[in-house]
Amino acid sequence: MADLHDNYLDWLRDAHAMEEQAESMLKGMAGRLEHYPDLRARIQQHIEETIEQQRLVKSVIKRYDSSSSAFKDMAGKMAAMGQAVGGMLASDEVIKGGISGYAFENFEIASYTALIAAAQAVGDTEGQRIFTQILEQEKAMAAWLLEHLPETTRQFLARSQAPHTEAKK
């Protein structure tokens, strides 16, 4: 039977792997976006936030004399790679990417909400502070994606109707 700290450490490793996956997905999408500069700029900003989030989560893991899970990190990166390849094949990659990005941000929001509760349960006030900071960044990214999805969709539709114009990315 796992105790509170075992569950907490397992979820910390999951969060680190989730951020590794997020970085891979975001970099893949940003690298392919050509015609949506606002979206690309916001994704670039979130890549920087994501790299810092990885560092922060790892700092919490290290305080417990543990390490991130190489297996979970690799699995996250493999999932991101599969998602990127699938996106590259879609004729409406920018729209599908925006939708899946929004869904992933909400997954992260739920994960950090649970981690905050777990940090409280084990008395990790520093972890709680860190996860609250990360949670706000994830909420901001999700809100941005949702707010800009209608305009991105309109841009995509306009580009897809224009002759000799690529709309996909």
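As shown above, the structure is provided for reference.
The residue numbers shown here count from 1 along each chain, following its written sequence. Per-residue local features of the predicted model are confined to residues with pLDDT of at least 70, and side-chain atom pairs are confined, for both listing and counting, to 80 or more; whole-chain, interface and lining totals are unaffected and use all residues. Derived side-chain values reflect all non-hydrogen atoms in the structure, with water molecules and hydrogen atoms excluded from consideration.

> What am I meant to see in the overall build of the protein here?
Counting from the N terminus, the helices are DSSP H or I runs at least four residues long and the strands are E runs at least two residues long. Summing up its helical and strand segments, the protein has 5 helices and 0 strands in all. Secondary structure of the protein in N-to-C order comes out as α-α-α-α-α. Two residues form a contact once any of their heavy atoms are found within 4.5 Å. Counting only contacts in the protein whose residues sit at least 6 apart along the sequence, the fraction spanning at least 24 positions is 80%. Note that accessible areas follow from Shrake-Rupley with a 1.4 Å probe, and for residues the cover is restricted to the protein chains shown. By element, 59% of the accessible surface of the protein is carried by carbon and sulfur atoms, the whole surface being about 8,800 Å².

> Sorry if this is basic, but what is going on with the packing of aromatic side chains here?
Each pair of aromatic rings is reported with the distance of its centres and the angle of its planes. Any two rings among Phe, Tyr and Trp, with Trp reduced to its six-membered ring, count as a pair given centres within 6.5 Å; such a pair is stacked if its planes are under 30 degrees apart, edge-to-face if over 60, and tilted if neither. Across all of its chains, the model carries 3 aromatic pairs by this definition. Between Tyr8 and Tyr64 the ring centres are 5.7 Å apart and the planes differ by 80°, which places this aromatic pair in the edge-to-face class. With Tyr8 in helix 1 (residues 4–32) and Tyr64 in the loop between helix 2 (37–63) and helix 3 (70–89), the pair connects residues that are 56 residues apart, well separated along the chain. Ring geometry for Phe104 versus Phe107: centroids 6.0 Å apart, planes at 40°, classification tilted. Here the residue Phe104 and the residue Phe107 both occupy positions in helix 4 (residues 93–122), the gap between them amounting to 3 residues, near one helical turn. Buried residues are those whose accessible area, probed at 1.4 Å on protein chains only, stays under 20% of the maximum for their type, while exposed residues exceed 50% and partly exposed ones sit between those limits. Classification of Phe104 as buried rests on a relative accessible area of 11%.

> Explain the environment of Ala15 to me, please; I cannot follow it from the model alone.
Tracing the sequence through the fold places Ala15 in helix 1. Using a relative accessible area of 3% as the deciding quantity, one classes Ala15 as buried. For the pair Ala15 and Glu108, spaced 93 residues apart in sequence, the C-alpha to C-alpha distance is 8.2 Å. Those residues in contact with Ala15, other than ones at most four positions away along the chain, are Val57, Tyr112 and Leu115.

> Explanation requested: the nonpolar core in the structure shown.
Most often, soluble globular proteins have nonpolar side chains that are buried together. Of all hydrophobic cores here, the largest spans 24 residues; its most connected members are Tyr8, Leu12, Val57, Tyr112, Leu115, Phe131 and Ile134. A total of 8 residues in this core trace back to one element, the largest contributor, which is helix 4. Non-local contacts of Leu115, meaning those with residues more than four positions away in its chain, are made with Tyr8, Trp11, Leu12, Ala15 and Phe131. Here the nonpolar core consists of buried residues drawn from Ala, Val, Leu, Ile, Met, Phe, Trp, Tyr and Cys, with membership extended through side-chain atoms lying within 4.5 Å. Formed by 14 residues, the second largest nonpolar core is a distinct cluster that contains Ala30, Trp144, Leu145 and Phe156.

Shape descriptors only; they carry no functional weight alone.
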